[in-house]
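Reading the structure
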Amino acid sequence: MERKVSSPMAPTFMVSAPGKVIVFGEHAAVYGKPAIAAAISLRSYLLVTTLSKSQRTVKLNFRDIGLSHTWKIETLPWDVFNQPSKKTFYYSLVNSLDPELLDAIIPHAEAVSKDLPEKQRKVHVRSATAFLYLFLSLGSPESPGFIYTLRSTIPIGAGLGSSASVCACLSTALLLQIRILAGPHPDQPPEEADIQIERINRWAFVGELCIHGDPSGVDNAISTGGKAVIFQRNYPEPPTVTPLTKFPKLPLLLVDTQEPRSTAAQVEKVRILKTKQPKMTEFLLDGIGQLTTCALELISSAGFDGNGTDALECLGTLINMNHGLLVSLGVSHPRLERIRELVDYADIGWTKLTGAGGGGCAITLFRPHVKGETIKELERKFTAEGFQKYETILGTDGVGVLLPAVFRNGIDGEGGKEIDQEKFENAVGVQGIEQLVGVGVQENREGWKFWTRAVI
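Parameters and conventions
- Residues numbered from 1 in each chain as written.
- Predicted model: local features only at pLDDT ≥ 70, side-chain atom pairs only at ≥ 80, totals over all residues.
- Heavy atoms only, no water.
- Buried < 20%, exposed > 50% of the residue type's maximum accessible area, 1.4 Å probe, protein only.
- Helix = DSSP H or I, 4+ residues; strand = E, 2+ residues; numbered from the N terminus.
- Pairing = 2+ DSSP bridges.
- Contact = heavy atoms within 4.5 Å.
- 1 Å grid on protein atoms, 1.4 Å probe; cavity = no way out; pocket = protein on both sides within 12 Å on 5 of 7 lines; lining within 4 Å.
- Points joined across faces, edges and corners; volume = space filled by probe spheres on them.
- Nonpolar A, V, L, I, M, F, W, Y, C, P; charged D, E, K, R; others polar.
- Expected span 1.5 Å × (residues − 1).
- Salt bridge = Lys/Arg side-chain N within 4 Å of Asp/Glu carboxyl O.
- Axes fitted to C-alpha atoms, helices over the stretch in contact; angles between N-to-C directions.
- Parallel < 35°, antiparallel > 145°, perpendicular 65-115°, else oblique.
- Left-handed = near helix turned anticlockwise from the far one by under 90°.

Of all seven residues that make up strand E8 (residues 250-256), six are buried, and the element is covered over most of its length. Here E8 pairs with strand E11 (residues 388-394) via seven bridges, running antiparallel. Pairing of proline 251 across the sheet is with isoleucine 393, part of E11.

What follows is the structure, given as structure tokens:
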């Protein structure tokens, strides 16, 4: 007779964190100019299920990249992580990975997805490394078993901060499980919220170190705090990442070219151009920096809320100008230019590439009162030419939690029911995930609570 699995020991809960786009300043940021990045309403969702005491395993299930692996908790290298000289705490500031801890993890991370092609497997190993480093740093060998099931509506590998979103979710979940985070709640003092956001951010950065080696810190800052940040490199000092808490929520069209991109290749292209044409390239980079400063002044002005037609027109003009300068640097792509051509013909807003360019995505800030049928006609054209369109919100909330993970205003009369793990795993596409658990474009899904920085 098969033994019945006992009930979970703690309520199932869910964590969510947004992706990001660069709104102004890409490429110029490499040379010390400011850049503005903002959260978007495409998000990762992490469902955390606590197992019974008899199930001493931890399972990582990243459905959208095909990663599923289970480790026995007692076989993980707790002895290495718990050495007095190596032990970290939730309040620790970790700016680099410990080579000895990393070496202890590698055999366990390398155990995943051994039957997959090397390129895909490498992504899985990096994801497993980030998870295990965080789990062993913040967890305990006495912890119960868990299942971490992740779904995402963020396109992967498109420069939209998908890995940082995942790391923010994992960081938040683990800090909640060790009862370090006390929020978010309506009466939470802003100072307490800031401290908790920074703790989440610090550990999300550790996850990003595992995946990328030398992350800027921008993506995890956006995924945790939401809204927007201004980023600036200050060689040889670490870069500064300053929250823009007044950044308004703005409707945004995001279009994925489906064209593979290489950040390193595009950065190198600009470097070569700067070597061959130093004065003109510096002129273009300075122009991008000045555009970013103008945008920051506009966004920070007292009356700017994203609703005024004149102010929105001004912001849109800066977006168009930024794209023109990036084209002059040689980092656009025919498919990015085709998106802009289609959007300009429809006259729905202002468009630029976002990120490194050479493929990836374009963003369009909508004009006020765009007609639905215009969007549908544009979508038909995008689909016919192999583009993927997402209607999103710019400047959205950061990391949030649904605790317990219960439907509040779900579809099909599902209000009050615990979120079913099988349904969550099998939700189809962006629409299926958002219908089931998503914060959604309107960001009004009942039950979700978000950590919010003080507006300054």
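Moving on from the coordinates now.
So, about the environment of alanine 28. Positionally, alanine 28 belongs in the loop between strand E1 (13-24) and strand E2 (35-50). Residue class for alanine 28 comes out buried when judged on its relative accessible area of 0%. Sequence spacing of alanine 28 and leucine 326 is 298 residues, and the spatial spacing of their C-alpha atoms is 9.3 Å. When sequence neighbours within four positions are dropped, the list of residues in contact with alanine 28 reads Lys33, Leu285 and Ile288.

Turning our eyes to something else, we now look at empty space enclosed by the protein. This model, assessed by the stated rule, comprises two cavities of 30 Å³ or more. For the second largest cavity, the calculated volume is near 40 Å³. Where the lining of the second largest cavity is concerned, the elements lending two or more residues are E8, helix H9 (309-328) and strand E10 (361-366). Considered class by class, the residues forming the lining of the second largest cavity number eight nonpolar, no polar and no charged.

Before going further, it helps to examine helix H8 (residues 278-300). Across its 23 residues, H8 extends 33 Å between first and last C-alpha, which sits within 8% of the 33 Å expected from 1.5 Å per residue. Restricting attention to buried positions, one finds in H8 the residues Thr281, Leu284, Leu285, Gly287, Ile288, Gly289, Leu291, Thr292, Ala295, Leu298 and Ile299. Contact partners of the buried residues in H8: E1, E2, helix H7 (263-276) and H9.

Quick look at the pattern of salt bridges now. Under the counting rule described, the total for this entry stands at 19 salt bridges. Residue glutamate 313 pairs with arginine 367 through a salt bridge whose shortest N-O separation is 3.7 Å. Of this pair, glutamate 313 sits in helix H9 while arginine 367 sits in the loop between E10 and helix H11 (372-384), placing them 54 residues apart in sequence. Judged by relative accessible area, arginine 367 falls into the partly exposed class, the value being 25%. The partner of arginine 338 in a salt bridge is glutamate 385, and the shortest N-O contact between them spans 2.7 Å. With arginine 338 in helix H10 (residues 334-346) and glutamate 385 in the loop between H11 and E11, this pair connects stretches of sequence that are 47 residues apart. Exposure remark for arginine 338: the relative accessible area of 27% places this residue in the partly exposed category. One network of salt bridges, with partners in common, ties together Lys33, Lys274, Glu282 and Asp286.

By the element assignment, leucine 403 lies in the loop between strand E12 (400-402) and helix H12 (421-426). Taking the C-alpha atoms as reference points, leucine 403 and glutamate 373, 30 residues apart in sequence, are found 38 Å from one another.

Before going further, it helps to examine unusual backbone geometry. A negative phi holds for most residues other than glycine; trans holds for most peptide bonds. In this structure, proline 404 follows leucine 403 across a cis peptide bond, with omega equal to -5 degrees. Inspection of the secondary structure puts proline 404 in the loop between E12 and H12. Look at serine 113: it is not a glycine, yet its phi comes out positive at around 50 degrees. By relative accessible area, which is 13% here, serine 113 ends up buried. One non-glycine residue, lysine 227, adopts positive backbone phi at about 55 degrees. Mapped onto the elements of the fold, lysine 227 is located in the loop between helix H6 (218-225) and strand E6 (228-234).

Remark: helix H2 (residues 99-109) packs on helix H3 (residues 118-138), axes separated minimally by 9 Å, with the N-to-C direction vectors making an angle of 125 degrees. Between H2 and H3, the angle falls in the class oblique. The hand of the H2/H3 crossing is right-handed. On H3, the residues that touch Leu101, Leu102, Ile105, Ile106, His108 and Ala109 of H2 are Val125, Ala128, Thr129, Leu132, Tyr133 and Leu136. The residue makeup of the contact of H2 with H3, split by class, is 10 nonpolar, two polar and no charged.

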